[in-house]
Structures are given as C-alpha cells and as structure tokens.
Amino acid sequence: MTKKIILAAVLLIAALPVFAADDSNEVDPRVQIAMSNSDYMVTPGDIYVLTYAAGSSAMQYKTVVDTSYKIRVANLAVLDATGKSYISLKRQVEDLVAKNYPMSGVQFALATPAVFNVIVKGEVPQTVEQSVWALSRLSTVVEANMTAYSSIRDVVVTSANGTTKHYDLFLAKRDGDITQNPYLRPGDVITLRKFHKRVSIGGAVRRGGTYELLEGENLKDLIDTYADGFNETADKSKITISRVINGSDKSGSVLYLEDPVKIANFELNSFDTIFVDSLTSSKPVMYMEGAILKPNNNQDEEGAVKVEGTTRVAVQFEYDTNYIYFVKARSSWFGSAIADLQNAFIIRGEELIPFDISKALYDTNFTSDLIVQPDDILRVPMKQFFVSVAGSVATPGRYPYIPNKTYDYYVGLAGGFDKSMNSGKAVEIVDAEGNKLSKNSEITPETTITAETNSFLFYFNQYAPVITTILSIISTSLSIMAVTGIWSK
C-alpha cells in the first residue's frame, strides 16, 4: 500500500506544469539565475509555487509575497520570510510540508522574481525611479545615470528603514571588493555626489588612465596606488604635469618635476594630466629621408610599408652605434626599387659624407668607422628612370618614367605626333631588353618609342623639288632641240 502511495505521488508531481513568469512555455531566465544563486533574497512581489501530494490528490498553491513578508504554507502555517534567502525559505517550507505529509514529493519553487523601483538622485541628469530586481547591483543604476561630474568613490544608499551606507565602486571594480557593490533592495534611495578630484596619468606607468582621487591623496598616491607604480622604463626624474584649472599657476601651464621629494608630496589639482617620461624616449635621434620604406605606425621597425616619393623619419638609436650595424638592423627600410643605395650620403652639419648602403648590407668585407651621431641625416637618393621618344613627334627626347602608363602618355609629353610625317599613329616600341611591345603594353623604364615616318605627303613634299627639277631640265632640253632643228634632222 505504501509503495502505491509513493508511486501516485511521483506521478502526480511529474504531471504538474512548469511555471514561468508569464505562464507560457518559456521559463524566465531570471528564475534560473535566482534559483541557482544563494544570494537571492525573498522580495515583495515574488511569486512562489508549492506542490505536493496529499494521499492520491495533487496539491498546488501559488503564493505572492507582499511587504509584510508573511507567507502562508497551505493550511499548515504562516512563515515570516523577512531577511531570508530563497534557499533558506525553500528548505523551511519543504521541511514543514514533509513533516505533515511524509513522502509527498514536496516542491517549493520560485515562479516569478519580483521587480521593484529604486530612486536615483543627486549628481544625475535627473532624478529617476529605475526598475531593478533582487540581483541588480548598485553599479548598474549608477553607471546608467552618471554625469561627467558624478563620483563613484562615495555613493550613498539609504534603505527603506532609513539606514545609510557609503560605497566605493572603484574598490569594487579594481580590487573585486563585492561588499562595495551591494544588491539593491525595495525602497533604496541612491544618491550620487560630485567628485572631489579627477586626474589622468599616462606614459611609463603600469596602469595609465583617468582616476578619481579622494581628499588628501596626492601625486604619490596616484602613481603608487592608482597607476600601480612606474614601469621598468620610467624616467622617474622627468614627470610632466599639464595643469588646466585652479592653483596659482595659469591655466594651460606645464610643470616639470625632477626632484623625488617634490614628487612624493606634490598636491594635484582636478583635471591635471600627468605624463611620466620613458628612458627610451631619451635616446638620441637621427633622421632618414629619401627613397626609404617607412615602418607602419602599429609595427616595429621590422615591418615596413612602401611610401611613394620622399619622406623623413626620426629614428632613435643607441650611442656609439656603427652605421653598418644601424642600416643592417633596418634592412627592410632599403628595399625600394627606386632607392639609389650606392649614392647614399650622410648630412652632418655642413659636411656631406658618402655612405654606400648596398655595401653595408651585402658586402661582408665592407668596414666603416662611421658612428651614428645625433641629428645626422641619412639621405637615400631616388634612381631616375627615363623613356625615350624619337621619330615623327614634335619634341623628341628623354622623359621621366611614370609607372602604369602606355605609349600615348609619353608621345603626349613629346608634343604628340607630327602629322605631316606620321599617319595612323604608327609607332615601334622596344623595351630595355630589346623586346618589341604592343601599343597596349605598359611602358617600362628605358623603353624607346619611335614614331614612324610613313606619311605619303611627307615623302611627296620631300622629293617633289627633285622631280620638278628633272622634269624642268627635260622640258628645256626638248625645247632647245626643237628650236635647233635637231628633231627635224
């Protein structure tokens, strides 16, 4: 008999529906989150469902929690859920039912989590009532309602019973101190205040950024605590402070701190920007210009991108660096097809020093005592290529080579075809290797374009005087012979 009762209870419980927020087939995801989170507190507006088997009958009760936090458990008891989590209430309810209905398969489940409003005021665009639920944290409503002057270091939360607490959301984010980012409760009033001091720091520190300082905190606190200290390349004797407002200094002034004692006690003003110089930025600088391949801004010196035309690049180097080592370390910079490496030279003041980069790169026997000096300019000339245009054009000659052009471009540079000598734009195109090219071919450096002389009028005009002279001589001879009677004889 007992086994039959147990089996009936199991079947009845299995047949009960799964509850969702809207009684549809889809379960509210908040239900799953709340039921798996031991921090979920019973909240006015929660809807719970109690199911169990009483004998052969399936019992089901839906309970809505009101502000009294009193929950009726069927006809068995009324429990006080004030300050209880869902897990602890579930255990208490199921234990109570099980004592009265042993082996009843009791279940007490959250069907719909409550939604409630909290007030957000103070340094906000406008005072608002924002809807949240019992697993919403303080940061969610603060971040959604901040102004440019809101503080996250002293957020005030006043609960429904009048208790006031202060929270520091910076500590919650930076250190993971969850106690500084509590869950919200019905009746909470959140008050945001204006920040006391906000500054920015960058350069050779571990955690650059913009930080809100508390009263009494200075430059040392900013560097050591907020920026997590200097990094390995920091030049601690070179700290620059750009000052915007307040103090005896004029707006927009720049302060330079080189004394560690001053750094330790230096008081900052709001909106100050601090920059810590790096030892690497103190390296000497020289310049390279001309037909070089400039590195990408987002790459180191090994990655290069082609730049058309001439350019100048500032390059840091170590003292006592030999020029051979210097160019070998940047060999990718000198891969341009138009770079005249053999005729490169160094400009040092008014002195010009020839330096054959091709030998430095490719001749293992090449040596040099040249040392890179600050403000040196290593100039790489560009090779100049030409295309020759000859024959029946207005101005035959050699013209600068331009990539991706066909023959008509260069004929145009030469003034175009001489129509009295050339008809039909007849040309012969021969590249530097002696290969004949078609009119549609791309012209390569040192190609020769010859406009052919093929006009009938040109040849006629050229030989017409000779023919006329010959005919005139013949005509004269015939006339003389006629007069003298040679023909009559």
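Quick caveat, the model's predicted, so the values are computed rather than measured.

### Remarks on the pattern of salt bridges
Phase 1 of the analysis: With the rule as written, the count across this model stands at 15 salt bridges.
Phase 2 of the analysis: A salt bridge links Arg206 to Glu232; the shortest N-O distance between them is 3.6 Å. Of the two residues, Arg206 is situated in the loop between β11 (197-203) and β12 (209-213) and Glu232 in the loop between α6 (219-226) and β13 (234-242); the sequence distance between them amounts to 26 residues.
Phase 3 of the analysis: You can call Glu232 exposed: its relative accessible area is 66%.

### A short note on the sheet that holds strand β1 (residues 47-54)
Backbone-to-backbone hydrogen bonds join strands into a sheet, with any given pair of strands oriented parallel or antiparallel.
Phase 1 of the analysis: Taken together, the three strands give an open sheet; going across it, the order is β2-β1-β5, and neighbouring strands pair in antiparallel fashion. Whereas interior strands pair on both sides, the edge strands pair on one side only; in this sheet they are β2 (57-64) and β5 (107-112). Here the average twist between neighbouring strands, direction ignored, is 25°.
Phase 2 of the analysis: In this sheet, β2 lies alongside β1 in antiparallel orientation, the contact comprising eight bridges. Paired with Leu50 across the two strands is Tyr61, which belongs to β2.
Phase 3 of the analysis: Along the sheet, helix α3 (residues 86-100) contacts β1 and β5; its crossing angle with β5, the most-contacted strand, is approximately 140°.

### Regarding the confidence of the model for the protein chain
The predicted structure's coordinates, where accompanied by low pLDDT, should not be read in detail.
Phase 1 of the analysis: Looking at the protein chain as a whole, the pLDDT averages 85, with 83% of positions reaching at least 70.
Phase 2 of the analysis: Note that pLDDT drops below 50 for residues 297-309; the model gives that stretch 25 contacts with residues more than four away or on any other chain.

Reading the values: the criteria
Residues numbered from 1 in each chain as written. Predicted model: local features only at pLDDT ≥ 70, side-chain atom pairs only at ≥ 80, totals over all residues. Heavy atoms only, no water. Salt bridge = Lys/Arg side-chain N within 4 Å of Asp/Glu carboxyl O. Helix = DSSP H or I, 4+ residues; strand = E, 2+ residues; numbered from the N terminus. Buried < 20%, exposed > 50% of the residue type's maximum accessible area, 1.4 Å probe, protein only. Pairing = 2+ DSSP bridges. Axes fitted to C-alpha atoms, helices over the stretch in contact; angles between N-to-C directions. Contact = heavy atoms within 4.5 Å. pLDDT = per-residue confidence, 0-100.

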